Amino acid sequence: MATDGKSSKPLALPDDCNVVDCSSGRQQFWRFAKGKSAMKLVYVRETEADEPVQAKHLERDTSQMWRPHCQNDAWLPSEKVYFRVLQLPQCEPRELPAMVEMQLERISPIPMGMAVWTYEVVPVFREDRAQQTVVVMFTERTVVEEYVGQLEKIGYRPDRLETPVLHQVMATPQGGVRPDGAWIYPRFTDAHVICTVAWWDEGVLHNITQICLTTGEHLNELTEHLTA
């Protein structure tokens, strides 16, 4: 989500990949190395949020100009991101960015001049559909600038910002069964429980809702939100 929108073609696997998450009040750092067909986790570290990232993991050289080398990813807090789900006609992949852009003014929860956005195509669980499902993500530009500034203070310059809960939604369910109903993905912080709720109907994603639980009776509060 570090760019203003255009989803690019999948890149070749980098030699290395770092991921940082400072959204929970602690700093979690993961390092991955390229395997034969996927990235493999090779190092994990958890420290205070303001602890500098070890410089040895951030070294780059001129080879990055010519081939994938090391990518630095960071996770945005899910509660800072707005999700909107679109049902669009099937089209050639190169035509999809323009189709999404045509919908932005209508669906954006914040003025477009203040927004950073990107999108992901939802996996197909029903081959009989004439439409495709796209999740568009928005966040305020000031949120990105502030978060990147915090990361730069610990020596980390992100190439890409992601929202990890979306990967969980996209992986639902395992085993090839069509998802249906409300799938809940909780994230625990010191003060709150943030629940991302993905609403599916027979294999089609229709909505993603963010619910912030503020009381000790989390289950009762969540039930009230869902039934509303």
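Presented here is a report on the structure given in the accompanying data block. From a predicted model like this one, the values you see are computed outputs, not experimental measurements. (Residues numbered from 1 in each chain as written. Predicted model: local features only at pLDDT ≥ 70, side-chain atom pairs only at ≥ 80, totals over all residues. Heavy atoms only, no water.)

## Looking at the pairing of strand E7 (residues 131–140)
- Extensive coverage of E7 is indicated by the burial of eight of its ten residues.
- Where strand E5 (residues 82–89) lies against E7, eight bridges are found, and the strand directions are antiparallel. Each bridged residue has a counterpart across the sheet, and for Leu 88 the counterpart in E7 is Gln 132.
- Both strand E6 (residues 115–121) and E7 contribute to a ladder of seven bridges, which runs antiparallel. Along E7, the bridge assignment pairs Ala 115 with Glu 140. (Buried < 20%, exposed > 50% of the residue type's maximum accessible area, 1.4 Å probe, protein only. Helix = DSSP H or I, 4+ residues; strand = E, 2+ residues; numbered from the N terminus. Pairing = 2+ DSSP bridges.)

## Focus on the sheet that holds strand E11 (residues 204–213)
- As summarised here, the arrangement of the three strands in space is E9-E10-E11, forming an open sheet in which the pairing is antiparallel. Pairing within the sheet leaves two strands with one partner each, and these edge strands are strand E9 (181–188) and E11. The average angle at which neighbouring strand axes cross in this sheet is 20 degrees, direction not considered.
- Two strands pair when backbone bridges link them, and strand E10 (residues 193–201) and E11 are joined in this way by nine bridges, in the antiparallel orientation. Across the sheet, residue Trp 199 finds its bridge partner in E11, namely Asn 207.
- Across the face of the sheet, helix H5 (residues 218–227) comes into contact with E9, E10 and E11 while running at roughly 135 degrees to E11. (Axes fitted to C-alpha atoms, helices over the stretch in contact; angles between N-to-C directions. Contact = heavy atoms within 4.5 Å.)

## Observations regarding the nonpolar core
- Membership of the largest hydrophobic core comes to 31 residues, with the highest contact counts inside it found for Phe 83, Val 135, Leu 151, Tyr 156, Leu 205 and Ile 208.
- Of all the secondary structure elements, the ones that give two or more residues to this core are E5, E7, helix H3 (141–153), helix H4 (164–170), E10 and E11.
- The residues contacting Ile 208, other than those within four sequence positions of it, are Phe 83, Val 85, Val 135, Leu 166, Val 169, Thr 196 and Val 197.
- Grouped together as the second largest cluster of nonpolar side chains are 15 residues, Leu 86, Leu 88, Ile 107 and Phe 138 included. (Core = buried A, V, L, I, M, F, W, Y, C linked by side-chain atoms within 4.5 Å.)

## A word on the pattern of salt bridges
- The tally for this structure, following the rule as stated, stands at ten salt bridges.
- Note that Lys 34 is salt-bridged to Asp 15, the shortest N-O span being 3.5 Å. Here Lys 34, found in strand E2 (residues 26–34), pairs with Asp 15, found in the segment before strand E1 (16–21); they are 19 residues apart in sequence, far enough to count as distant.
- When the shortest N-O distance is used, the salt bridge between Glu 48 and Arg 26 registers 2.6 Å. Placement of the pair is Glu 48 in strand E3 (residues 39–48) and Arg 26 in strand E2, with a sequence separation of 22 residues.
- Overlapping salt bridges bring together Arg 26, Glu 46 and Glu 48 as one network. (Salt bridge = Lys/Arg side-chain N within 4 Å of Asp/Glu carboxyl O.)

## Thoughts on the packing of aromatic side chains
- Going through the model one piece at a time under the given rule, you end up with three aromatic pairs.
- Considering the side-chain rings of Phe 29 and Tyr 43, the 6.1 Å spacing of their centres and the 65 degrees angle between planes classify their relative orientation as edge-to-face. Of this pair, Phe 29 sits in strand E2 while Tyr 43 sits in strand E3, placing them 14 residues apart in sequence.
- Of the residues examined, Tyr 43 reaches a relative accessible area of 28% and is grouped as partly exposed.
- Measuring from ring centre to ring centre gives 5.5 Å for Phe 125 and Trp 200, while their planes differ by 85 degrees; the resulting arrangement is edge-to-face. On the criterion of sequence distance, the pair formed by Phe 125 in the loop between E6 and E7 and Trp 200 in strand E10 is long-range, its members being 75 residues apart.
- Overall, Trp 200 belongs to the buried group, its relative accessible area being 4%. (Phe/Tyr/Trp six-rings, centres within 6.5 Å; stacked < 30°, edge-to-face > 60°.)

## Topic: the sheet that holds E6
- Strands sit in the order E5-E7-E6 across an open sheet of three strands; the sheet is antiparallel. Strand pairing shows two members of the sheet lacking a second neighbour, E5 and E6, which therefore form its edges. For this sheet the average axis-to-axis angle between neighbouring strands, irrespective of direction, equals 25 degrees.
- Sheet strands in contact with H3 are E6 and E7, and its direction is about 65 degrees off that of E7.

By themselves, these figures tell us nothing about what the structure is for.
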